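Structural characterization, general
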Amino acid sequence: MRALITGATSGIGKEMAFYLHRMGWQLVLTGRNEEMLKCMAQKFGSSTKYIALDLANPDAPQKLYDFCRGMRIDFLINNAGFGIFGEFSETSLAGELEMIDVNVRSVHILTKLFLRDFEKRGSGYILNVASVAGFMTGPLMSTYYASKNYVVRLTLAIREELRRKRSGVNVSVLCPGPVNTDFNNRAGVSFSLKAADPKFVARYAIEQTLKGRAVIVPGLMIQLGLIGASLCPPQLQAAVVCELQKKKKGSGR
Ligand SMILES: NC(=O)c1ccc[n+]([C@@H]2O[C@H](COP(=O)([O-])OP(=O)(O)OC[C@H]3O[C@@H](n4cnc5c(N)ncnc54)[C@H](OP(=O)(O)O)[C@@H]3O)[C@@H](O)[C@H]2O)c1
């Protein structure tokens, strides 16, 4: 069995690679950090393939799919992603378009291309990494939250189509709360809530995907938080998220 992991060089994706390797899976790894990919491939052995790609590049998702031609992929993990903090009127347009390319466009393309192969074969797993942000409105990280809403809705819609066809293909979405990775450094913030261990999140996500779970939310507190958020009127929920986001920057605005 072979898994393809995007964003395998750091954080949750890297821990997923280690966990799947321990379970005996063969791996195809991608990210921009070629040195890290090389180092991981050396650790895992010659069956591990890797390709360094910037998924913000318009050709990159198709290049990745072409790279995998001839290898049977059984498990696609769309994990690469990042966030940008700030008021919508002030954040960089170029940076946000890059984020949409990585968090949305590449997930969309790769899910479609691999899903077609999996459906022909009647088997396969796709895990799209969203966030609890995917169920919320996120002032001060508006585009990031919107991108993760896209991933949640796309995945659940595809899942329903597959269910009606009685397909053997499983599509799941991972929705973690804060996780202790490089994510915050890149977004330029620090967590206002306790962050989960990426090893735990990776293991739980893979176990739950292989069991066929639709929405995977690691950790009881985050599960309860999501239930609370779903009971809140939308404006109140946005106001609460805004307060939590302000604490991340310590701005007090
Ligand atoms: N950490 C959290 O609190 C948290 C919470 C909920 C959801 N998530 C989601 O979890 C996923 C993984 O994030 P993480 O927390 O593990 O953060 P991370 O440690 O920063 O890892 C992000 C991964 O995405 C890859 N990536 C970023 N931009 C890329 C690009 N332009 N092209 C190709 N690969 C790119 C990075 O690889 P390179 O640097 O090598 O390109 C890296 O491997 C993301 O989708 C994130 O939105 C994170």
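Conventions used here
- Residues numbered from 1 in each chain as written.
- Predicted model: local features only at pLDDT ≥ 70, side-chain atom pairs only at ≥ 80, totals over all residues.
- Heavy atoms only, no water.
- Helix = DSSP H or I, 4+ residues; strand = E, 2+ residues; numbered from the N terminus.
- Buried < 20%, exposed > 50% of the residue type's maximum accessible area, 1.4 Å probe, protein only.
- Contact = heavy atoms within 4.5 Å.
- Areas by Shrake-Rupley, 256 points an atom, 1.4 Å probe, with all protein chains shown as cover.
- Lys, Arg positive; Asp, Glu negative; His and termini not counted.
- Charge placed at Lys NZ, Arg CZ, Asp CG, Glu CD.
- Expected span 1.5 Å × (residues − 1).
- Bend = angle between axes of the 7 residues up to and from the residue.
- Polar contact = N/O pair within 3.5 Å; in protein donor to acceptor, adjacent residues only side chain to side chain.
- Salt bridge = Lys/Arg side-chain N within 4 Å of Asp/Glu carboxyl O.
- Pairing = 2+ DSSP bridges.
- Right-handed = clockwise from strand over helix to strand, strands pointing away.
- Arc of directions from axis to C-beta.

If you tally the helices and strands in the protein, you get 9 helices and 7 strands. Residues counted as buried form 48% of the 253 residues belonging to the protein. Considering only contacts in the protein between residues 6 or more positions apart, those separated by 24 or more positions represent 63%. Just so you have it, the protein exposes about 12200 Å², and 55% of that area is on carbon and sulfur atoms. For the protein, the distance from the average position of its 33 positive side-chain charges to the average position of its 20 negative side-chain charges is 6 Å.

Moving on, we come to helix α4 (residues 93–121). Look at α4: 41 Å from first C-alpha to last across 29 residues, which is about the 42 Å you get at 1.5 Å a residue. At D101, α4 shows its largest kink, close to 35 degrees. Residue S92 occupies the N-cap position of α4, its side-chain oxygen lying 3.4 Å from the main-chain nitrogen of A94.

The next thing to look at is unusual backbone geometry. Even without being glycine, L140 reaches a positive phi, approximately 75 degrees. Of note, L140 is situated in the loop between β5 (124–129) and α5 (142–164). Its identity as a non-glycine residue notwithstanding, R166 has a phi of 55 degrees, on the positive side. Looking at the secondary structure, you find R166 in the loop between α5 and β6 (169–174).

Counted by the stated rule, this structure contains 10 salt bridges. Among the salt bridges present, the one from K199 reaches E15, with a minimum N-O distance of 3.9 Å. Taken as a pair, K199 in helix α7 (residues 198–210) and E15 in helix α1 (residues 11–22) lie far apart in primary sequence, 184 residues in all. With a shortest N-O distance of 2.7 Å, R72 and D74 are connected by a salt bridge. You can call D74 buried: its relative accessible area is 6%.

Right, let's talk about the pairing of strand β2 (residues 26–31) for a bit. Most of β2 is tucked away: 5 of the 6 residues are buried. Bridge count for strand β1 (residues 2–6) against β2 is 5 bridges, and the pairing is parallel. Counterpart to A3 in the pairing with β2 is L27. Note that the unit made of β1, α1 and β2 has a crossover that is right-handed. Alignment of β2 against strand β3 (residues 49–52), held across 4 bridges, turns out to be parallel. Bridge pairing in β3 links G31 to A52.

Right, let's get into helix α3 (residues 60–68). Of all the positions in α3, only A60, P61, L64, Y65 and C68 are classed as buried. Burial along α3 is one-sided: seen end-on, the buried residues are contained in an arc of 140 degrees. The positive-phi residue at the C-terminal boundary of α3 is G70, with phi of around 90 degrees.

As far as function goes, none of this settles anything; it's purely spatial.
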